[in-house]
2 protein chains.
Amino acid sequence: MDEPEYTPHLPERTAVVGCGVIGSGWAARLRLNGVDVRAFDPSPDAPSVVEDVLANAIAGWELLGLPTAPLGSFEFCDSIEAAVAGAQLVQESVPERLDMKHAALSAIDTAAAPSALLASSTSGFKPTDLASPLTHPERLVVAHPFNPVYLLPLVEVVGGEDTSRGTIDRAMAIYRRLGMHPLHVRVEIDAFIADRLLEAVWREALWLINDGVATTEEIDDAIRYGFGLRWAQMGLFETYRIAGGTGGMRHFIAQFGESLDWPWSKLTDTPVLTDELIDAIASQSDDQSAQYGVRELERIRDRNLAAILQALEANRWGAGLTLAQQRAPNAPN
Amino acid sequence: MDEPEYTPHLPERTAVVGCGVIGSGWAARLRLNGVDVRAFDPSPDAPSVVEDVLANAIAGWELLGLPTAPLGSFEFCDSIEAAVAGAQLVQESVPERLDMKHAALSAIDTAAAPSALLASSTSGFKPTDLASPLTHPERLVVAHPFNPVYLLPLVEVVGGEDTSRGTIDRAMAIYRRLGMHPLHVRVEIDAFIADRLLEAVWREALWLINDGVATTEEIDDAIRYGFGLRWAQMGLFETYRIAGGTGGMRHFIAQFGESLDWPWSKLTDTPVLTDELIDAIASQSDDQSAQYGVRELERIRDRNLAAILQALEANRWGAGLTLAQQRAPNAPN
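Basis of the calculations
Residues numbered from 1 in each chain as written. Chains lettered and ligands numbered in written order. Predicted model: local features only at pLDDT ≥ 70, side-chain atom pairs only at ≥ 80, totals over all residues. pLDDT = per-residue confidence, 0-100. Contact = placed C-beta atoms within 7 Å. Helix = DSSP H or I, 4+ residues; strand = E, 2+ residues; numbered from the N terminus. Buried ≥ 20, exposed ≤ 12 C-beta atoms within 10 Å, placed from the backbone. Pairing = 2+ DSSP bridges. Axes fitted to C-alpha atoms, helices over the stretch in contact; angles between N-to-C directions.

## Some points on the confidence of the model for chain A
Residues and elements named next belong to chain A.
Consideration 1: Summing up the model confidence of chain A, the mean pLDDT is 91 and the portion of residues at 70 or higher is 92%.
Consideration 2: Confidence drops under pLDDT 50 across residues 1-6; counting only partners more than four residues distant or on other chains, this segment forms three contacts.
Consideration 3: The ipTM, which scores confidence in the relative placement of chains, is 0.93 for this predicted complex, and the corresponding pTM is 0.93.

## So, unusual backbone geometry
One can expect most non-glycine residues to show negative phi and most peptide bonds to be in trans.
Residue and element names in this part refer to chain A.
Consideration 1: The residue after Asn147, namely Pro148, is reached through a cis peptide bond having omega 0°.
Consideration 2: Residues other than glycine seldom take positive phi values, yet Ala191 does so here, at roughly 70°.
Consideration 3: Structurally, Ala191 is set in the loop between β8 (181-185) and α7 (194-210).
Consideration 4: Using a count of 21 C-beta atoms within 10 Å as the deciding quantity, one classes Ala191 as buried.

## Some details on the sheet that holds strand β4 (residues 89-92) of chain A
Residue and element names in this part refer to chain A.
Consideration 1: Spatially, the eight strands line up as an open sheet ordered β3-β2-β1-β4-β5-β6-β7-β8, and their pairing is mixed. The sheet terminates laterally at β3 (74-76) and β8, the two strands that pair on one side only. Each strand of the sheet is rotated relative to its neighbour by a mean of 25°, with strand direction disregarded.
Consideration 2: Sheet topology places strand β5 (residues 117-120) next to strand β6 (residues 140-145); three bridges connect them, and they run parallel. If you follow Leu118 over to β6, its bridge partner there is Leu140.
Consideration 3: The strands touched by helix α4 (residues 98-111) within the sheet are β1 (13-17), β4 and β5, with β5 carrying the most contacts at an inclination of about 170°.

Here it is in structure tokens:
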């Protein structure tokens, strides 16, 4: 485990720009850590999203037995400028369009204190590309979280060409103090690490539906009754290392490697999202899950995630170890 | 949930042909269900693999609070013929080479009672291709399990062109009675459903290492601190349905779909397993995991899987619901 060299103070005041599910998740995690948040989002839906996500987050933290009071304050502002004034951390979570990212980040860059850390939640854009209109690109990082932000510990931290080393260190330390597992992605690529893997699975899954091989439910079951259980605690390589036996990873690759050239997958092509394919996915998903409303699915998901995190905490492993450290940040490992 | 229409008797006698990690996992699951097993494997290592896997399986079932006695009997035989004589279920788990599969399945087909169910553990070959040399192809199914077989509930059940409907029904019922979640893969394709998804991730992960973007440990962490936790309980589509909000899956696809065409992944090509790449993977994996021996990694994995299964059982969800049904097979849901 790479440990922080120091335990930094949490920022006293933060700003969240963009209050969809991700931005609201950041606001909830910050407030549950006692941090004050000012927010900007022009959407009329934003207040109810913030409220719903906070309610879910409090319920999730109660399941985990984490303190949920005192909660940091929250205030909607009329402008980006008002939201970011005095903030030490600004978390940007506007929609995934480069023009919208540029507009928001430029406004933040202009209005925020030069010492403020500027973090984008983008799941795809490189920080260097995001930074192009900024006056102070050295304090920009990508900090890409995973939904639900208030429960899942992973945040991918990525610097651009002009990002300073101090900015990376500061971001890593702050996200650790927020109870997360920051993963420093050392090389800038579009979509970073996790979403590369997710995109690969997503494409293959679309083919399976397109070709009538499997439904959304069958694909989900192939994940959650099998390798998904493995991946909650070890990843791809540590799992396969075991499969290699005492011969280790080298033996595993020797066994498995040649099948890479077999014509199994259709990854060499991208499925076309025809109306028929979209209809199939949407109606299969309704068959699978429409007996639950979205709010109920969220509760089911969060209850399961909290239970899994606690199970892993008892074993002091992976995401459970992160939770244990969050519970007692100054205790030895 | 699709429920079995009847609770079949477990087979009284079974045969396991091929006693690597998968075959030994089947033997352990069968014996823990009180079923007698005869086995054939010409490898001198087979007895110790069988013994080690059984010890792990008993430890895992003890963690789950499942009964581990009385254990079905186990006997190594000198030939396939001796192993399969009188067996009602023969589970083939020889190495993944079509010539070896054909040789083993032909011998089994000739020696087994015509009423015996013949199941192949292959992770890739289509049942129709496996059945080509058989006299009784109607009783062949693929039944593809996931390691560790004694803990993970998923088994993909796939019929070939000549497989009878009765064979599929019988296989589904038997695997349910063994405490598993059989998933009927309705359309024959190479690698079925789960390994298609795994191959996609594996390829993309190899590119990330090949290009120096991430190490094995960083890739594993990107999985197990983030989406791996989601996938232990919901899959891809049910998770994304939530992300679509009240607009559901159709809204999610509309948001996310166009990025499919972005040049993110390198899936259009297959990485070449050069010596350099193999060295990089093997040494990174050593850096990540060599502080644990393989036996210790197995124990860590199994302890985590048992804890996750019990956490989901308390929530009566997914693989936890399968465990609850295994614990009380005649109880109402």
